[in-house]
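# Observations on chain architecture
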Amino acid sequence: MHGWPETINLDDFNDDLMQYVVNCPAAPTRNDRAVGDNININMTLFESLLSFSKDGLTLSLEDLAEHHHLRHNQSKAENPSFVFGNQGAICTCAQYTNMVGVLGKFGKHGRTTLSVEDVRMFYLDEDIPKGYERREIAHYSPESNAMIDRMSHHVGYTIQRPFPPGDQDPGRDICPMRARFQGKNCED
């Protein structure tokens, strides 16, 4: 977005264009660009994300998939330019899976367990949680894609690869309005 500088200025990640690319429609904690401020965290969305924890302490990949489904439906209802093909689904789900790739620990939900307090610190303090230990293996695209597929399957759709022609055409929506699960926090 900013060429190929020798060094990266973190302020370059805070401009509207960059945030639009990074925070695609149905982002976990940011408004869609078409309906408001897509740069600053929306605390209502953030608290909604944390509320999907079934035990109040941890978030599973399925909890994140259910929150993603809610955000999909909210974006579809609020954003007049909503387009959600395979590329949009991967972008949005990757925001969740990358969080799991960085903060995930082996715990109640296997190696994809997120601590609600770690997520809170990461988003609100913009810091790595206390006692953070680097993963033994790096988080790469194949692992992220496997988690994205698991999330999309939980909701009830399959991401097509390679993307079909017209994947980003207006009006295209691969994610169903009704999910395969009956989540306590989800809107149909």
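Coordinates for the structure precede this section.
Description of the structure in this document. Owing to the predicted nature of the structure, the values given are computational and were not obtained by experimental measurement.

## What to know about the overall build of the chain
Scanning the chain from N- to C-terminus turns up six helices and three strands. Listed by position from the N terminus, the elements making up the chain come as α-α-β-α-α-β-β-α-α. Contacts spanning at least 24 positions in sequence make up 65% of the contacts within the chain whose residues lie at least 6 apart. Looking at the chain as shown, the accessible area adds up to about 10400 Å², and 54% of this sits on carbon and sulfur atoms.

## Observations regarding the pattern of salt bridges
Under the defined criterion, the tally for this structure stands at 12 salt bridges. A salt bridge links Arg161 to Asp149; the shortest N-O distance between them is 2.9 Å. Here Arg161 is found in the segment after α6 (141-155), whereas its partner Asp149 is found in helix α6, with 12 residues between them in sequence. According to the relative accessible area criterion, Arg161 is partly exposed, its value standing at 40%.

## So, the side chain of Ser152
In this fold, Ser152 is placed in helix α6. Relative accessible area serves as the criterion here: at 1%, Ser152 is assigned to the buried category. Among residues more than four places away in sequence, those in contact with Ser152 are Tyr157 and Ile159.

## Concerning the packing of aromatic side chains
In the structure shown here, the tally under the stated rule is three aromatic pairs. Measuring from centroid to centroid gives 5.4 Å for Phe82 and Phe84, while their planes differ by 10°, and the two rings are stacked. Taking the relative accessible area as the measure of exposure, Phe84 reaches 0% and is therefore buried. A network of ring pairs unites the aromatic residues Phe46, Phe122 and Tyr123 as a single cluster.

## Let's talk about the environment of Arg111
Examined against the element boundaries, Arg111 turns out to sit in strand β3 (residues 110-115). Separated by 11 residues in sequence, Arg111 and Val100 have C-alpha atoms that sit 8.8 Å apart. Look past the residues within four positions of Arg111 in its chain and what remains in contact with it is Gly104, Lys105, Phe106, Arg135 and Glu143. A distance of 2.7 Å separates a polar atom in the side chain of Arg111 from a polar atom in the side chain of Glu143.

## Some words on the pairing of β3
Taken together, the two bridges between strand β1 (residues 58-59) and β3 define a ladder with antiparallel strand orientation. Among the inter-strand pairings, Leu59 is bridged to a residue of β3, identified as Leu114. Here strand β2 (residues 105-107) pairs with β3 via two bridges, running antiparallel. The partner of Lys105 across the bridge, within β3, is Thr113. Here β2 hands over to β3 after two residues, the two strands then running antiparallel side by side.

## Some remarks on the sheet that holds β2
Sheet strands pair via backbone hydrogen bonds, and the direction of the pair is either parallel or antiparallel. A sheet is described by the order of its strands in space; here three strands give the open sequence β1-β3-β2, paired in antiparallel fashion. Of all the strands in the sheet, the pair left with one neighbour each is β1 and β2. Most of the contacts of helix α4 (residues 86-103) go to β3, to which it runs at about 95°, and overall it touches β2 and β3.

About the thresholds
- Residues numbered from 1 in each chain as written.
- Predicted model: local features only at pLDDT ≥ 70, side-chain atom pairs only at ≥ 80, totals over all residues.
- Heavy atoms only, no water.
- Helix = DSSP H or I, 4+ residues; strand = E, 2+ residues; numbered from the N terminus.
- Contact = heavy atoms within 4.5 Å.
- Areas by Shrake-Rupley, 256 points an atom, 1.4 Å probe, with all protein chains shown as cover.
- Salt bridge = Lys/Arg side-chain N within 4 Å of Asp/Glu carboxyl O.
- Buried < 20%, exposed > 50% of the residue type's maximum accessible area, 1.4 Å probe, protein only.
- Phe/Tyr/Trp six-rings, centres within 6.5 Å; stacked < 30°, edge-to-face > 60°.
- Polar contact = N/O pair within 3.5 Å; in protein donor to acceptor, adjacent residues only side chain to side chain.
- Pairing = 2+ DSSP bridges.
- Axes fitted to C-alpha atoms, helices over the stretch in contact; angles between N-to-C directions.

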